[in-house]
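# A closer look at the structure
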Amino acid sequence: MTTKNIQPGRGLMNTTASPHVKLHTVDMSDVVWTQGFWADKFDQCAKVMVPNMWQLLSSTEISFAYQNFLIATGRVEGHHRGPKWNDGDFYKWFEAAAYVYGMTKDEALDNLMDEIIEVIGAAQREDGYLHTPVIIEQRQGIEQAREFTERVDFETYNLGHLMTTACVHFRATGKTNLLDIARKATDYLYGYFKTATAELARNAICPSHYMGVVEMYRTTADERYLELAQSLIEIRDLFKEGGDDNQDRVPLREQTEAVGHAVRANYLYAGVADVVAETGDKSLLETLFALWDSVTSQKMYITGACGALFDGASPYGSEDQAAITRTHQAYGRSYELPNVTSHNETCANIGNALWNWRMLQLTGEGRFADILELVLYNSLLSGISLDGKKFFYTNPMRVLKDQPDLRWSRTREPYIDCFCCPPNAVRMIAEVNSYAYSVSNGKSGSDGAVWVNLYGASVLDTKLPNGAKIVLEQETDYPWAGHVKIIIRATESPTFALMVRIPGWTDGAAVMVNGKTAVSETIPGQYCEINRVWSAGDTIEIEFPMAARLLEANPLVEETLNQVAIQRGPVVYCLESADLPEGVGVLDIRIPADIELHPRIDSQLLGERVAVLEGQAKRIPQREWSRQLYRSLQTPEPEKIDIRLVPYYAWGNRTEGEMTVWISR
């Protein structure tokens, strides 16, 4: 493919020309972490997570993901092994590798990617179809091996991740070898769905391809791809025998409640937001607002996690019993947020972040950045161990020694049979810098705006939409400290707006410019605009009060009645039995309303630098239940006890034991 039609913009997403967004992405290399929290995470991602995951995915004894591509080329004998969605999970790892290369220019990584791309291209059919389970069987002459015959074969899911990965790889390397493969695949989908029937609509599950097709449109400017993205949404409503697990029982534009498989739901919402960014479809945007309200006001965990239930049924309590279908790894009823049995698949949490990132670009509203940040610091990072080599599939709110048997392990594992979450987490960690800043066109009298979405020590070297160069440096120990310093290092545009986000969790934030108060009032959950003439050396200082907060849930959340959770800054904390005396369980602890929790930086306890919270709580010893379901109320005298809380994302990295986010009061 020639590059003459490829669009400018080298961001993780390319919304530089999207006509219906308020914020535009910056190029991936425009933001560099310099030190601190996210710099350390990226360094570990590049040096540990990506190489370790390649060893897993290329193994012929563990994953078979890469081996499946080799078999599909016909160069290696064998049969497909592993889940049908292995291709997509491999592409997610490849996206992380491509992004890391874009930041590090590691020549060995570039060579490895070229070798892999050659194999992927050799596995692809001439017509563009690429799904190793079917291609392998077709090579073996199995007559039943056909395209899109089983909705749980995840063909479009795999192709969607191929498209997204190819766009990132092109922007990171400037090469079109993977983009050429993705273009053939997108052309195939375009031709196939031109004659789509209602039955074919059944295959639009876990729709990563909505995001992928739109990103291909943004990259190539091929109008057919935007047409395809729009038609993929419309054909969902053609299938009249759908169910809530796939969000296709109710026509999309009539949906007001988030239901069903939480990964599929959040991927759907993110993909629809991409279509809105290109088309301005107001009816779809209103649907997204309603669904966002459903999630954030009734169905989301305090960590930003989604999908409370491993198994459920929906619609709950329907008079039409025939309409009720099984749901899996799913949103439950409103306010149904259990602790011990909470599911919270890492991929669903990541989908929540992807959706809110897109909503932020559409609207410029701080509430969406708040949810993005909440996921990044909590329910994303909890999915991977502090050493970067072990993984959770689920992210529970509570773990007890005598809890019921559950489908997924409550300890992180080096490899999970369903390996969708680990590479998803790794690519997100690699790409966090792309979420940190945005730019926008200016208002009257301004040349544009720079938006500070996330805080972390970094340098931004970018251009405003009018082409003027801007260089900012951010100095901070966030999230462990609330002081942020932003220095204007260079500007070709003296008049622009700096939009600094005031997180929803803070109160009384102060903003200073060159030592003087810049605004009289800041509003939590909104951006604070500083519009003025800037010069190199100007300094903006922001102070976010960061006291630990006791949070309570809506009383309709029955599972958390008379309990509190603790949050400091964007970080949610938890209590582990590893920090309690032997024989004391997490359910023994009571948190007084007037507890004083003191932060302390500790680099030894967990093997990496974190702020722990320490204070004095109460303990009410629990007598053994001995298989009793009920008994007379026990009223022992409470005892004072010193407790230590650790960030939720860091739990389970020491000895195996109990943990809880919600603690009795």
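The structure this text deals with has already been given above.
These lines cover the structure that appears in this document, whether it is placed above or below. (Residues numbered from 1 in each chain as written. Predicted model: local features only at pLDDT ≥ 70, side-chain atom pairs only at ≥ 80, totals over all residues. Heavy atoms only, no water.)

## Focus on the pairing of strand 7 (residues 449-452)
- Side chains of strand 7 alternate between two faces, with A449 and W451 and V450 and V452 buried alike.
- Inspection of the sheet shows strand 6 (residues 437-440) paired to strand 7 by four bridges, in the antiparallel sense. Looking across to strand 7, one finds that V439 is bridged to V450.
- Inspection of the sheet shows strand 7 paired to strand 11 (residues 495-502) by four bridges, in the parallel sense. Bridge pairing in strand 11 links A449 to A497. (Buried < 20%, exposed > 50% of the residue type's maximum accessible area, 1.4 Å probe, protein only. Helix = DSSP H or I, 4+ residues; strand = E, 2+ residues; numbered from the N terminus. Pairing = 2+ DSSP bridges.)

## A closer look at unusual backbone geometry
- Here the residue pair S314 and P315 is connected by a cis peptide bond, since its omega of 0° sits within 30 degrees of zero.
- Relative to the elements of secondary structure, P315 occurs in the loop between strand 3 (309-314) and strand 4 (325-331).
- The step from Y478 to P479 runs through a cis peptide bond, and the omega angle for that step is 10°.
- Relative to the assigned elements, P479 resides in the loop between strand 9 (469-476) and strand 10 (483-491).
- One non-glycine residue, K105, lies in positive phi territory at about 55°.
- Within the secondary structure, K105 sits in the loop between helix 3 (86-104) and helix 4 (107-123).
- Judged by relative accessible area, which is 47%, K105 ranks as partly exposed.
- Of note in the backbone geometry, F154 takes a positive phi value of approximately 60° without being a glycine.
- With respect to the helices, strands and loops of the structure, F154 is situated in the loop between helix 5 (132-139) and helix 6 (155-173).

## Examining the packing of aromatic side chains
- A full pass over the atoms with the stated rule returns 35 aromatic pairs.
- Between W38 and Y377, the aromatic rings sit 5.4 Å apart at their centres with planes inclined by 50°, giving tilted as the arrangement. Taken together, the residues span a long stretch of sequence, with W38 in helix 1 (residues 37-57) and Y377 in helix 13 (residues 366-380) at a distance of 339 residues.
- Classification of W38 as buried rests on a relative accessible area of 3%.
- Note on F69 and F90: the rings are 5.5 Å apart at their centroids and 45° apart in plane angle, and the pair reads as tilted. One end of the pair, F69, is in helix 2 (residues 65-73); the other, F90, is in helix 3, and 21 residues separate them in sequence.
- Judged by its relative accessible area of 0%, F90 falls in the buried class.
- Taken together, the ring pairs in this structure connect F37, W38, Y377, Y455, Y478, W480, W505, F544 and Y649 into an aromatic cluster.
- When the ring centre of F37 is taken as reference, the NZ or CZ atom of K41 above it lies at 5.7 Å.
- The ring centre of W534 lies 5.1 Å from the NZ or CZ of R532, which sits over that ring. (Phe/Tyr/Trp six-rings, centres within 6.5 Å; stacked < 30°, edge-to-face > 60°. Lys NZ or Arg CZ within 6 Å of the ring centre and 35° of its normal.)

## Brief notes about the side chain of T462
- Tracing the sequence through the fold places T462 in strand 8 (residues 458-463).
- Classification of T462 by relative accessible area gives buried; the value is 5%.
- Polar side-chain contacts of T462 include one of 2.8 Å to the side chain of D30.
- Ignoring any residue separated from it by four or fewer positions in sequence, one finds T462 in contact with V26, D30, V439, A468, K469 and I470. (Polar contact = N/O pair within 3.5 Å; in protein donor to acceptor, adjacent residues only side chain to side chain. Contact = heavy atoms within 4.5 Å.)

## Here we look at the nonpolar core
- If you look at the biggest cluster of nonpolar residues, it comprises 230 residues, and the most contacted ones within it are F90, W93, I540, I589 and V661.
- Looking at this core, the element that brings in the most residues is helix 10 (residues 262-279), giving twelve residues.
- Setting aside residues up to four positions removed in sequence, I540 forms contacts with V484, K485, I486, I488, L498, V511, M512, V513, I530 and W534. (Core = buried A, V, L, I, M, F, W, Y, C linked by side-chain atoms within 4.5 Å.)

## Comments concerning the sheet that holds strand 7
- Taking strand neighbours across the sheet as the criterion, the four strands line up as 6-7-11-14 in an open arrangement whose pairing is mixed. Of all strands in the sheet, those bounded by a partner on one side alone are strand 6 and strand 14 (526-533). Neighbour-to-neighbour, the strand axes of the sheet open up by a mean angle of 20°, direction not taken into account.
- Across the face of the sheet, helix 13 comes into contact with strand 11 and strand 14 while running at roughly 55° to strand 11. (Axes fitted to C-alpha atoms, helices over the stretch in contact; angles between N-to-C directions.)

Shape descriptors only; they carry no functional weight alone.
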